[in-house]
Amino acid sequence: MKILTTVKKVVDVELNIHVENGAILDKGLQYVINAWDENAVEAAVQLKESHKADTTLVSLGSGDNTDIIRKCYAMGIDNAIHIDDPALAKADSPTFARVLQKVYEAGDYDLVITGKQAQDTDAGQAGIMLAQFLNIPCVSNVIKIEVTDDSHIQVSRLGDAGTEILDVTLPAVITVSDGINEPRLPAMRGIMMAKKKKINVMDLAGLGTSFEDVGGTAPTSEIVEFMPTEKRKGGQKFEGEPAEVTAKVVDLLVNEAKVL
Amino acid sequence: MSPLFMTLLLVVGLGIFARTMYQRILLLMALEPTDRFNRIKDRLKNMVIIALGQKRLVGRKKERASGIMHALIFWGFCVLIIRSITLYGEGYVHGFQLPLLGESSVLGYLYIALKDIMEGVVLIMVIWAFYRRLVVKPPRLHNTWEAYLVLGMIGVLMISDLLYDGARFNLIASYGNPGDLHYFNNPTFGQEFLWTPVTVLAGNVISGFSATGMERVMGLMFWIHIITQLAFLNFLPLGKHFHVITSLPNVFLKSLDYPHDKIKLLDLEDESVWEDETLGVNHLHQLNWKQGLDLYTCTECGRCKEVCPTYVTDKPLNLHDFNDTLKAELYANADNLILRAKLAKILTGDAEKDAKTKEKMAVFKPEKALVGEVIALDTLWACTTCRACEQVCPVTIEHVPRIIAMRQGQTLMQGEYPQELNTAFKGLERNGNPWGIGYDKRADWAEGLDVKLMADHPDAEYLLWVGCAGSFDDRTQKVTKALVKILKAAKVDFAILGTEEKCTGDFARRTGNEMMYQMMATENIEVLNGYNVKKIIAACPHCLNTLKHDYPQMGGHYEVVHHSAFINQLIADGKIRVKKSLAGMLTYHDPCYLGRYNEIYDAPRNVLNTLSSQGLNELPRHGTESFCCGAGGGRMWMEETIGSRINVERSKEIVAENAETVAVGCPFCLTMIEDGMKELNKDEDIKTRDIAELVAEHLA
Ligand code: SF4
Ligand code: SF4
């Protein structure tokens, strides 16, 4: 089984993000691997361990992603491709999906595993669109993967009404939720050894396509402006006899907050 | 007596002994090197105080009686060594006397008197020891046949010598000295009998024998004594009584200064170390020879486990088993280790040339994995690095550096460590703190407090090192704010690093993650040296310890003071005034990294005594024998799923003392004890407060 996983480098959302004139200030930001993609990598590595799957990782973006790719290598990924093209800085989800399509077609993959969404945009589209473009099955929000045979897997996904169990014919795309696993922190030794592994870096031309080809010049959506989120106000603490407190809280909910 | 028989005994007895010792030394030489031959004067001093003076046996109040017992047996042995030489001489020369210790000098007389008393004393101590083992049965003692055998042998040695001399006295005094036996008889000092009452008493006990019977008894006792002694000597290296031989050198060779051998600064850039698994202790041969000698020396007295917070709370770490298991493994693999070391000597450093040698070396690998099979993972990870064990060990065995080195192997090489640590490691990697809270929020606590940043005030006299807990943990932030209040009241010129500060890396280092530690340390030192920081105030003993003792290895040299000591000085200098108005029973919990690691015991007590109207009340376990809160050594970031909880055990002790306030000087202790109180439903009655908070509340 050949697996393709994707990773995106995102801004660390643990940090305060400062916005000025509708744009994010780069000062003090740091970048990390998208947490859901880490789950995807872990899922791939687990399949490698249990079913001898061959795992390839692809990261898209503009700029150096060596740090996060090394980390994935250290986790156990076999091969890595980085599509590094300055044009991708402005790309939207369909464009990314098109690029992934090209990567997919250049290999001979049975299964694509991606994070269900990226922590920065929270769009959650690239994986699903990829399946659409490739015209292969797609299951999103997956929390469990089991291999049935060479061309079938069974997955559980978190649906609105509960857990859904689906049989899927390969090739397919699945997007995973964080409930699927606890990504390993690679052993230090793995990280050091990973330094030696080669990363296959190429731009869009190297992939045999162009920004225009993947729809980048005609985006379907565009970021107009960033706005800072409003700070959450501190809560109120009530102390005293339960009956009194309850009456007070109800009163506030009815008259001040007007939610009841 | 019989020179031929004596020679035969000596050749056989000493020959076998020499062979065993040679093997033992070869095995030590097969282990990793470590330099322990510097500063001879300090080493001799340690040896005199700790080993010869039996400081840790006699010095502990709790165990004084048994300590004195052991010390007397030991000192008795020291005295009797000279006597043994005389007896060996007697085997060859009738009436053999040592120069200076013969009958012509007062020294000779003093010596026989001392020897006489000591034999009596040792005999009584042996009887007491039997009684203790058989009847009292202190729980820490490992009651083995070996212990009884050795006690028995010591008894036989004393009795045989006393009876030998007693029979000799009888023959001289009552039977007209038929064999022309020699005895001390100097006109100035009198006859030997006057100086040796115990021997005379022994003589009386056997006075019923005839002259021939008496001669036979004398001869028999002589040979029993010699044979027992040689047997004893050969028995020692086989078991825990090896300490009789190794204790003195072990104490002499102990690490100096910092409480124990500092964690080695590993060279992580060298690629070969990752391939050869040479970081930390992954295999037996990676222990250093002193650690091997420690294992030889463990007396299995159990003092360490008795004070160990993990053992007391039913975790699998039982130090004397830990030592014993390692020692057994060392012995079981002795031949292979020695052969391996021989091959290691011919390594050239050239990877290609060495490949063959390394292949051969691999053959000598022990069958069992050092960690996982010989030492269980749960055992290794239980330790809180509190050092209580090292503090009480009478022969100065260092457990913690060995445990940390083994953890390094696990974390760096095998990736085998409690998975809960992942979150903390990740937090460290991304945001420089184990909680993983955004690094840019590090100074949020200071909002509105008008605390200067180093960036704006680089000439500040002191840097206030806030630490991760002080920065991010809600509860500890209160301590930081209290400290700021005090520093401001005292008009101290200080600043903080703000978002430029990162975790010191203490917990990473103590969980074996040297890589993460070095990452933190490098960045911090760069910032600190960039501001040319000289003096640091830290409210966290873990930060203090790392800044003060770990950072110099990487080029960070600072004068670091704990806030309790700093506040103590402020009060002494009259820079702040406090009211003696802290009412109610006050007690103090010594943080391990403040007390046992940095020997700061008095400063916090002085401060507390200044505040408390009724004075500080000590807990049963305090000072050097304080009981850990359970959070050190990275345990703060691991789950405690085995046995009972350490913090609750400690909290119970505080509750039992009827304390109303318990003062601490460490953010982890604060969290742990406060949680313990909550668990016991005592958080309403007993307040857990940092010293800084108490001082800030009582500023005049
Ligand atoms: S390590 Fe020290 S304290 Fe522990 S059993 Fe051995 S000798 Fe006793
Ligand atoms: S350092 Fe503390 S926890 Fe660790 S073994 Fe020693 S006494 Fe036990």
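Residues numbered from 1 in each chain as written. Chains lettered and ligands numbered in written order. Predicted model: local features only at pLDDT ≥ 70, side-chain atom pairs only at ≥ 80, totals over all residues. Heavy atoms only, no water.

**Some thoughts on the site of ligand 1**
All names here are of chain B. Neighbouring residues of ligand 1: 14 residues in total, closest Cys298, Cys301, Gly302, Cys304 and Cys393. Of all the secondary structure elements, the ones that give two or more residues to the shell around ligand 1 are helix 13 (303-307) and helix 15 (319-332). In terms of residue class, the shell around ligand 1 is built from seven nonpolar, five polar and two charged. (Near = heavy atom within 4 Å. Helix = DSSP H or I, 4+ residues; strand = E, 2+ residues; numbered from the N terminus. Nonpolar A, V, L, I, M, F, W, Y, C, P; charged D, E, K, R; others polar.)

**Re the site of ligand 2**
Residues and elements named next belong to chain B. Lining the immediate environment of ligand 2, one finds 13 residues, of which Cys308, Cys383, Cys386, Arg387 and Cys389 sit closest. Of all the secondary-structure elements, those providing two or more residues to the shell around ligand 2 are helix 14 (309-312) and helix 19 (388-392). In the shell around ligand 2, the residues fall into nine nonpolar, three polar and one charged.

**Some details on the nonpolar core**
All names here are of chain B. Residues Trp274 and Val695 are the most contacted members of the largest nonpolar core, which totals 146 residues. Among the elements that take part in this core, helix 25 (residues 514-530) stands out by supplying eight residues, more than any other. When sequence neighbours within four positions are dropped, the list of residues in contact with valine 695 reads Ile486, Ile567, Ile576, Val578, Val607 and Leu611. (Core = buried A, V, L, I, M, F, W, Y, C linked by side-chain atoms within 4.5 Å. Buried < 20%, exposed > 50% of the residue type's maximum accessible area, 1.4 Å probe, protein only. Contact = heavy atoms within 4.5 Å.)

**Brief notes about the sheet that holds strand 5 (residues 535-538) of chain B**
Residues and elements named next belong to chain B. Reading across the sheet, the four strands line up as 4-3-5-6 and stay open at both edges, with parallel pairing between neighbours. The sheet terminates laterally at strand 4 (494-495) and strand 6 (559-562), the two strands that pair on one side only. Of the strand pairs in this sheet, strand 5 and strand 6 are connected by four bridges, and their pairing is parallel. Across the sheet, residue lysine 535 finds its bridge partner in strand 6, namely glutamate 559. In the packing of helix 26 (residues 541-550) onto the sheet, the strands contacted are strand 3 (462-465), strand 5 and strand 6, and the crossing angle to strand 6 comes to about 165 degrees. The strands touched by helix 27 (residues 563-572) within the sheet are strand 3, strand 5 and strand 6, with strand 6 carrying the most contacts at an inclination of about 80 degrees. (Pairing = 2+ DSSP bridges. Axes fitted to C-alpha atoms, helices over the stretch in contact; angles between N-to-C directions.)

**So, the interface of chain A and chain B**
Residue-level contacts link 21 residues of chain A with 27 residues of chain B. Around 2,000 Å² of area is buried between chain A and chain B when both sides are counted, 49% of it from carbon and sulfur atoms. Among the residues of chain A in contact with chain B, Leu185, Met188 and Arg189 of chain A are the three that bury the most area, contributing 34% of the side total. At the junction of chain A with chain B, the criterion picks out six salt bridges. Here lysine 196 of chain A makes a salt bridge to glutamate 275 of chain B, at a shortest N to O gap of 2.5 Å. Linking chain A with chain B are ten residue pairs in polar contact (both at pLDDT 80 or more), by the criterion used here. For the side of chain A that touches chain B, the secondary-structure elements that each account for two or more residues are strand 5 (31-33) and helix 5 (188-194) of chain A. It is helix 5 of chain A that contributes the most residues to the side of chain A that touches chain B, five residues altogether. Here the side of chain A that touches chain B is built from residues that sort into eleven nonpolar, three polar and seven charged. (Buried area = accessible area lost by both parts, 1.4 Å probe. Salt bridge = Lys/Arg side-chain N within 4 Å of Asp/Glu carboxyl O. Polar contact = N/O pair within 3.5 Å; in protein donor to acceptor, adjacent residues only side chain to side chain.)

**As for the packing of helix 5 (residues 106-136) of chain B against helix 6 (residues 145-174) of chain B**
Residues and elements named next belong to chain B. For the pair helix 5 and helix 6, the least separation of the axes is 10 Å and the interaxial angle reads 150 degrees. It follows that helix 5 is roughly antiparallel to helix 6 by the angle criterion. Regarding helix 5 and helix 6, the two cross each other, and that crossing is left-handed. Between helix 5 and helix 6, the residues in contact are Lys115, Glu119, Val122, Leu123, Val126, Ala129, Phe130, Arg133 and Leu134 and Ala147, Tyr148, Leu151, Gly152, Ile154, Gly155, Met158, Ile159, Asp161, Leu162 and Asp165, respectively. Each residue belonging to the contact of helix 5 with helix 6 can be placed in one class, and the counts come to 13 nonpolar, two polar and five charged. (Parallel < 35°, antiparallel > 145°, perpendicular 65-115°, else oblique. Left-handed = near helix turned anticlockwise from the far one by under 90°.)

**Remarks on the packing of aromatic side chains**
For any pair of aromatic rings, the description consists of the separation of the ring centres together with the inter-plane angle of the planes. Residue and element names in this part refer to chain B. In this structure the tally under the stated criterion is 24 aromatic pairs over all chains. Plain terms: the ring middles of phenylalanine 222 and tryptophan 223 are 4.9 Å apart, the flat faces sit at 90 degrees to each other, and that makes the pair edge-to-face. The two residues phenylalanine 222 and tryptophan 223 agree in class, both being buried. When the centroid spacing of 6.3 Å and the interplanar angle of 45 degrees are considered together, the rings of tyrosine 517 and tyrosine 551 count as tilted. Separated by 34 residues along the polypeptide, tyrosine 517 in helix 25 and tyrosine 551 in the loop between helix 26 and strand 6 bring together distant segments of the chain. (Phe/Tyr/Trp six-rings, centres within 6.5 Å; stacked < 30°, edge-to-face > 60°.)

**Some details on the environment of threonine 688 of chain B**
Residues and elements named next belong to chain B. Tracing the backbone through its elements, the reader meets threonine 688 in strand 10 (residues 687-690). Each C-alpha atom of the pair threonine 688 and glutamine 569 lies 23 Å from the other, and the pair is 119 residues apart in sequence. Aside from chain neighbours lying at most four places away, what touches threonine 688 is Arg475, Val662, Val664, Leu670, Ile673, Glu674 and Met677.

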